[in-house]
Amino acid sequence: MAPSTTSSTSATPPPSAPPPFTLFDADLTTARKPFRNPNAKPPSRRVKNAKQIISDESKRLSSINGPGVVDKPTYINVEAPPSVIPRKWWCDITGLRAPYRMPGNGMRYHNKEVYEVIKQLPPGVDQQYLQLRSANVVLK
């Protein structure tokens, strides 16, 4: 069976493509931009700074325990003992960890190369280095 071919004299134009995107279409100044959601509600919680929080906490604790009586550790009353970890010392020349101390002037140094540099310092320069860390010796 052969397909029937009927020709119509009225041809419909092909569907038109959308116009090309131009820079004028990208102009965002004409677009409406609502800066606030019309359905937005103000926050129900009030933001407090640290001083207000500490003040409120101390008032709450004094109302529970009585004035001046604190039995639970809080951010207000925590007291820590001195640290048992040894203090870290830093090199006066390089700023690196300094396991060594020069006995003559008290300067701390990182390794043998820094020790050689300290030995070659002119007089008075070692006191200027010590003055930077407030360990200089002032002779009267």
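Because the structure is a prediction, the values reported are computed rather than measured. (Residues numbered from 1 in each chain as written. Predicted model: local features only at pLDDT ≥ 70, side-chain atom pairs only at ≥ 80, totals over all residues. Heavy atoms only, no water.)

A.B. asks: Explain the overall build of the protein chain here, please?
C.D. replies: For the protein chain, the count of helices and strands is three helices and two strands. The order of helices and strands in the protein chain, counted from the N terminus, is α-β-β-α-α. Just so you have it, the protein chain exposes about 13,400 Å², and 59% of that area is on carbon and sulfur atoms. (Helix = DSSP H or I, 4+ residues; strand = E, 2+ residues; numbered from the N terminus. Areas by Shrake-Rupley, 256 points an atom, 1.4 Å probe, with all protein chains shown as cover.)

A.B. asks: Which parts of the structure should I look at to understand the pattern of salt bridges?
C.D. replies: Pairing of side chains with opposite charge becomes possible as their charged atoms draw close. Counted according to the given criterion, the structure contains four salt bridges. One salt bridge in this structure joins Arg60 and Glu57, with 2.8 Å as the shortest N-O distance. Of this pair, Arg60 and Glu57 both sit in helix 1 (residues 50-65), three residues apart, which is roughly one turn of the helix. For Glu57, a relative accessible area of 24% translates into the label partly exposed. Residue Asp92 pairs with Arg133 through a salt bridge whose shortest N-O separation is 2.7 Å. Of this pair, Asp92 sits in the loop between helix 1 and strand 1 (100-101) while Arg133 sits in the segment after helix 3 (125-132), placing them 41 residues apart in sequence. (Salt bridge = Lys/Arg side-chain N within 4 Å of Asp/Glu carboxyl O. Buried < 20%, exposed > 50% of the residue type's maximum accessible area, 1.4 Å probe, protein only.)

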